[in-house]
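A closer look at the structure
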Amino acid sequence: MTTCPGMTRALTFATIWMLAVISECQADGTVALDGCAIVVDPAQTSFVQYAVEELSSYLEHATGREVPIAHTDESGAPTRIAVGPETAQRVLGDLFPAAKLGKEGYLLKSLFQDGVLWIVASGATPHGTKNALSALIKTICIVDDSASIPAALDRLGKPAYAVRGVHFNGWPLNYPYSFRSWREADWQRYLDLLSYQSVNLFYLWPFVEIMPVPFSAEDQAYLEECRRLIDYAQTKH
């Protein structure tokens, strides 16, 4: 199966970049993220770790500068993004409102502490922390080769609905205009985009009930791809 991960990742970056520019670039007063580091709890789940890697890659792509990921506060970077409740607790102490956040709530907050600009992006749970990272990436403004966020960032949020699902259908148009012609990497990037929009339920219907038995090699390969996509969604998001 032929894949084009470079092209599809570039499309993902372009879409998220556009969302960020539209949402926050008109804000008055910003602080730069250039040269920042990300400090994340080492015990965070796979989908939080993946979101951290995506944030790092996004900032590196936008600014051309490395964004290291660390598990301690001693990165030496003047600006640090704190991810996860343990790291948030170390930075904020009793100001971290864990009891208010619930399962999916999150906090975004910027503050100066001991000469370091901290941007806290965390929930009280992994799902809340994942929502915090999705919200943070939408606040980032890219101008030329510089990334910034609003200076006075102090936001509590949570999704409006507990279940946020997607199911779609469509005609078999030419690639890439119909999902029926997508490759596995295209599906992965689409799942990434759904996650950034806080979708937490995706209905995938492989039409297995109309496949003749025994399965052909092509049908077997297709079902194995569906299984990998389900694993991808559950592991990464």
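Here's a quick rundown of the structure. (Residues numbered from 1 in each chain as written. Predicted model: local features only at pLDDT ≥ 70, side-chain atom pairs only at ≥ 80, totals over all residues. Heavy atoms only, no water.)

1. Examining the side chain of Thr63
Defined as follows: Counting from the N terminus, the helices are the DSSP runs of H or I reaching at least four residues and the strands are the DSSP runs of E reaching at least two. Buried, partly exposed and exposed residues are distinguished by accessible area as a fraction of the type maximum, computed with a 1.4 Å probe on protein chains only: under 20%, between the cut-offs, and over 50%, respectively. Any pair of N or O atoms that falls within 3.5 Å is considered a polar contact. Within protein, one atom must be able to donate a hydrogen and the other to accept it, and sequence-neighbouring residues count only if both atoms are side-chain atoms. Here, two residues are considered to be in contact whenever any of their heavy atoms come within 4.5 Å of each other.
Inspection of the secondary structure puts Thr63 in helix α2 (residues 46–63). Given a relative accessible area of 11%, Thr63 falls into the buried group. At 2.8 Å, the side chain of Thr63 forms a polar contact with the backbone oxygen of Leu59. Among the polar contacts made by the side chain of Thr63, one reaches the main-chain amide nitrogen of Arg65 at a distance of 3.2 Å. In contact with Thr63, not counting residues within four places along its chain, are Asp34, Asp145, Ser146 and Ala147.

2. Remarks on the packing of aromatic side chains
The geometry of two aromatic rings is summed up by the distance between their centres and the angle between their planes. Quick note on the threshold: By convention, a stacked pair of Phe, Tyr or Trp rings (six-membered ring in the case of Trp) has centres within 6.5 Å and planes under 30 degrees apart, an edge-to-face pair has planes over 60 apart, and any other such pair is tilted.
For the structure on display, the rule yields nine aromatic pairs. For the ring pair Phe179 and Trp187, a centre distance of 5.8 Å and an interplane angle of 75° mean the geometry is edge-to-face. As far as the burial class goes, Phe179 and Trp187 line up, both buried. Taking the centre distance of 6.1 Å and the plane angle of 55° together, the rings of Trp187 and Phe202 count as tilted. In this pair, Trp187 sits in helix α6 (residues 184–196) while Phe202 sits in strand β11 (residues 201–202), placing the two residues 15 residues apart along the sequence. Taking the relative accessible area as the measure of exposure, Phe202 reaches 23% and is therefore partly exposed.

3. Observations regarding the sheet that holds strand β2 (residues 37–40)
We count it as follows: Any two strands between which DSSP finds at least two bridges are classified as paired.
Spatially, six strands are ordered β3-β2-β4-β6-β5-β9 in an open sheet, and the strand pairing comes out mixed. Both edges of this open sheet fall to β3 (69–70) and β9 (154–157), since each of them pairs with a single strand only. Sheet topology places β2 next to strand β4 (residues 79–83); four bridges connect them, and they run parallel. Each residue of the ladder has a partner; that of Ile38, found in β4, is Ile81.

4. Observations concerning helix α5 (residues 126–139)
Note the threshold: To estimate the expected span of a helix, subtract one from its residue number and multiply by 1.5 Å.
For α5, built from 14 residues, the straight-helix expectation of 20 Å at 1.5 Å per residue is met to within 8% by its first-to-last C-alpha distance of 20 Å. Across the 14 residues that make up α5, a large majority, eleven, are buried. Buried within α5 we find Gly128, Thr129, Lys130, Asn131, Ala132, Leu133, Ser134, Ala135, Leu136, Ile137 and Thr139.

5. A word on the nonpolar core
Generally speaking, a soluble globular protein has its nonpolar side chains buried in company with each other. Here is the rule we go by: Take the buried residues of types Ala, Val, Leu, Ile, Met, Phe, Trp, Tyr and Cys, join any two whose side-chain atoms come within 4.5 Å, and each joined set is a nonpolar core.
If you look at the biggest cluster of nonpolar residues, it comprises 32 residues, and the most contacted ones within it are Leu55, Leu59, Ile81, Leu136 and Ile140. At the level of secondary structure, the elements contributing two or more residues to this core comprise β2, α2, β4, β5 (106–113), β6 (116–123), α5 and β8 (146–150). When residues in this core are grouped by element, the largest group, eight residues, is from α2. What Leu55 contacts, discounting residues up to four positions off in sequence, is Ile38, Ile81, Leu133, Leu136, Ile137 and Ile140. Counting residues in each nonpolar core, the second largest holds twelve residues, with Ala82, Ala88, Leu111 and Val116 among its members.

6. Description of the packing of α2 against α5
For the record, the criterion: Lines fitted to the C-alpha atoms define the axes, with helices restricted to the stretch that makes contact. Angles between their N-to-C directions range from 0 to 180 degrees. Roughly parallel here means an angle under 35 degrees, roughly antiparallel means over 145, roughly perpendicular means 65 to 115, and every remaining angle is called oblique. Crossings are classed by handedness, with left-handed meaning an anticlockwise turn of the near helix from the far one by less than a right angle and right-handed meaning a clockwise turn. Each residue is assigned to one class: nonpolar for Ala, Val, Leu, Ile, Met, Phe, Trp, Tyr, Cys and Pro, charged for Asp, Glu, Lys and Arg, and polar for all the others, Gly among them.
Where α2 contacts α5, the two axes come as close as 9 Å, and the packing angle between them is 15°. In terms of orientation, α2 and α5 fall into the roughly parallel class. Classified by chirality, the crossing of α5 by α2 is left-handed. Only Pro126, His127, Thr129, Lys130, Leu133, Leu136 and Ile137 of α5 make contact with α2, whose side of the interface consists of Phe47, Val48, Ala51, Val52, Leu55 and Tyr58. Residues belonging to the contact of α2 with α5 are distributed by class as follows: ten nonpolar, two polar and one charged.

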